Amino acid sequence: MDALSILLAQARNNAWANHRLLGACALLTHQELHATRVSFFPTLMKTLNHNLIVDWYYIDALVKGGRGRALFASEEPFADIGELMSAQRESDRRLCAFVESLSTAQLEERVSLARRDHTQVESAGDVLLHLFEHQIHHRGQAHAMLAGTRVAPPQLDEFFLKEELPLRRAELEELGLPLE
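Described in the following lines is the structure provided in the data block. (Residues numbered from 1 in each chain as written. Predicted model: local features only at pLDDT ≥ 70, side-chain atom pairs only at ≥ 80, totals over all residues. Heavy atoms only, no water.)

1. Quick word on helix α6 (residues 165–175)
Item 1. Within the span of α6, buried status applies to L165, R168, E171, L172 and L175. An end-on view of α6 places all buried positions within 135° of arc, on one side of the element. Exposed side chains of α6 directed beyond 90 degrees from the buried face belong to P166, A170 and E174.
Item 2. Elements in contact with the buried residues of α6: α1 (3–25) and α4 (81–101).
Item 3. A positive backbone phi angle near 75° is found at G176, which sits one or two residues after α6. (Buried < 20%, exposed > 50% of the residue type's maximum accessible area, 1.4 Å probe, protein only. Helix = DSSP H or I, 4+ residues; strand = E, 2+ residues; numbered from the N terminus. Arc of directions from axis to C-beta. Contact = heavy atoms within 4.5 Å.)

See the structure below:
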């Protein structure tokens, strides 16, 4: 398995895990989504919004979109879970398409990340790895917060093993992702 295959699998897993987690969160009321909970961000919606904003930021840097830190203008651009789900799905589609378009050589291309006080320069491959780790980290926090509600948190680790395909087939079809 080569680096591009691994990154593409990560991008697809990312889309699937977001879909599954947000689907469970959509079963909560507006009040439950905005209720104060124990975590890095104080509510499920703030956590989910943060994940999306950071996706926008890194994808923008990877495609050289030029929006940079302006993407952080609002800490919570979506108060409604339905709107957030749509925006996250679009972001996930964009990320998958970006990774699908990459060549091995492009993984080494330099990516500029506008930070508060400087510009950080990293390889595209490293930015992608960081983006996926960031998503996993905060999805885990949202998953734990969801465990404190009436909605059971969904299983998020049934993606890579072939034998577990039947457990995710319908969701992959719904997302338009390959059944691999």
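2. Observations concerning the environment of V121
Item 1. Note that V121 resides in strand β2 (residues 119–123).
Item 2. Spatially, the C-alpha atom of V121 lies 17 Å from that of W56, the residues being 65 residues apart in sequence.
Item 3. For V121, the contacting residues outside a window of four places in its chain are R110, V111 and S112.

3. Notes on the packing of aromatic side chains
Item 1. Within this structure, the stated rule accounts for 4 aromatic pairs.
Item 2. Relative to F41, the ring of F40 has its centre 5.0 Å away and its plane inclined at 75°; by these criteria the two rings are edge-to-face.
Item 3. Assessed through its relative accessible area of 61%, F40 is described here as exposed.
Item 4. Of the residues examined, F41 reaches a relative accessible area of 18% and is grouped as buried.
Item 5. Judged by centre distance (5.0 Å) and plane angle (70°), the ring pair of Y57 and Y58 falls under edge-to-face. (Phe/Tyr/Trp six-rings, centres within 6.5 Å; stacked < 30°, edge-to-face > 60°.)

None of the figures reported here should be taken as evidence of function without further support.
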